[in-house]
Amino acid sequence: LPEYAFIGRSNVGKSSLINMLTSRKSLAKTSGRPGKTQLINHFLINKNWHLVDLPGYGYARVSKSSKKIFQKFITEYFGLRQQLVCGFVLIDIRHKPQPIDQEFMQLLGENGIPFSIIFTKADKLKPKAIDNYVNDYKTILLETWEEMPRYFITSSSKGIGKDDVLEYIDSLNNNLVL
Ligand code: GDP
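Computed from a prediction, not measured in an experiment: that's the story for all the values here.

Draft legend 1. Summary view of the packing of helix α3 (residues 99-110) against helix α4 (residues 127-141). Direction vectors running N to C along α3 and α4 enclose 55°, while the axes themselves pass 12 Å from each other. As far as their axial angle goes, α4 and α3 are oblique. When the axes of α3 and α4 are compared, the crossing they make is right-handed. Here α3 contributes Asp101, Gln102 and Met105 to the contact with α4, which in turn contributes Tyr137, Ile140 and Leu141. Residues belonging to the contact of α3 with α4 are distributed by class as follows: four nonpolar, one polar and one charged.

Draft legend 2. View of the confidence of the model for the protein chain. On average, the protein chain scores 85 in pLDDT, and the residues at 70 or more come to 84%. Throughout residues 25-37 the model reports pLDDT below 50, and contacts reaching past four residues in sequence, or to other chains, amount to 21 contacts.

Draft legend 3. Quick look at the packing of aromatic side chains. Overall, the coordinates contain eleven aromatic pairs when judged by the stated rule. Between Tyr4 and Phe88, the ring centres sit 6.5 Å apart and the planes meet at 40°, which makes this aromatic pair tilted. Remark: Phe88 occurs in strand β5 (residues 84-92) and Tyr4 occurs in strand β1 (residues 3-8); sequence separation between them is 84 residues. Relative accessible area serves as the criterion here: at 0%, Phe88 is assigned to the buried category. Plain terms: the ring middles of Phe6 and Phe88 are 4.7 Å apart, the flat faces sit at 20° to each other, and that makes the pair stacked. Taken as a pair, Phe6 in strand β1 and Phe88 in strand β5 lie far apart in primary sequence, 82 residues in all. For the residue pair Phe6 and Phe88, the accessibility class agrees, reading buried in each case. These aromatic residues form a ring-pair network of at least three members: Tyr4, Phe6, Trp49, Phe88, Phe152 and Tyr168.

Draft legend 4. Inspection of the pattern of salt bridges at higher detail. On inspection of all chains with the given rule, the structure shows four salt bridges. Asp53 is the partner of Lys14 in a salt bridge, and the nearest nitrogen-oxygen pair spans 2.4 Å. Of this pair, Lys14 sits in helix α1 (residues 14-21) while Asp53 sits in strand β4 (residues 49-53), placing them 39 residues apart in sequence. The same class applies to Lys14 as to Asp53, namely buried. Residues Arg94 and Asp92 are paired through a salt bridge, measuring 2.8 Å at the closest nitrogen-oxygen approach. Overall, the relative accessible area of 38% leaves Arg94 in the partly exposed class. Here the salt bridges do not stand alone but share partners, grouping Asp92, Arg94 and Lys121 into one network.

Definitions and limits used
- Residues numbered from 1 in each chain as written.
- Predicted model: local features only at pLDDT ≥ 70, side-chain atom pairs only at ≥ 80, totals over all residues.
- Heavy atoms only, no water.
- Axes fitted to C-alpha atoms, helices over the stretch in contact; angles between N-to-C directions.
- Helix = DSSP H or I, 4+ residues; strand = E, 2+ residues; numbered from the N terminus.
- Parallel < 35°, antiparallel > 145°, perpendicular 65-115°, else oblique.
- Left-handed = near helix turned anticlockwise from the far one by under 90°.
- Contact = heavy atoms within 4.5 Å.
- Nonpolar A, V, L, I, M, F, W, Y, C, P; charged D, E, K, R; others polar.
- pLDDT = per-residue confidence, 0-100.
- Phe/Tyr/Trp six-rings, centres within 6.5 Å; stacked < 30°, edge-to-face > 60°.
- Buried < 20%, exposed > 50% of the residue type's maximum accessible area, 1.4 Å probe, protein only.
- Salt bridge = Lys/Arg side-chain N within 4 Å of Asp/Glu carboxyl O.

Below is the structure:
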């Protein structure tokens, strides 16, 4: 089954977003691979795709070696996953662009994984401020990337953006079948 991975810095709102995207009805949490630390959680959605919950990165004070371990782990995950259709990189809309997020997108690019951006906690900003934020973010990304990746604006507390993300995933799934 096609997989869609969700990842971002700790506290970005990933658990809340996953709760918003999944509904108890369609949700089945499947266990990680036996014998491995369950760093990765899989959720079967609508019986036709897996939502993959990857561990958060970028703890404030993380040693170089644990950064390396995390990178290795993630690279291995990406290297192994033929089913991975798209990675969703979560960005807290209240925070200035962070190098670690850029580095992470770089890592996805290097592994040939398409990615989209999900700006979280949109309820924290007024619409005008959201526009400004996204424009500034675009400017920075376009220094590295040829085009702005597909992006979504969400608020798990207000239920914003759920359908946009799910419809996008459905459209990608449909393209896979065709
Ligand atoms: P995770 O560490 O990335 O899984 O983040 P959590 O989902 O646990 O959320 C971290 C914190 O941000 C918690 O205090 C949440 O209540 C808060 N939070 C998450 N999503 C939203 C949101 O859409 N709006 C607001 N205002 N707060 C949020």
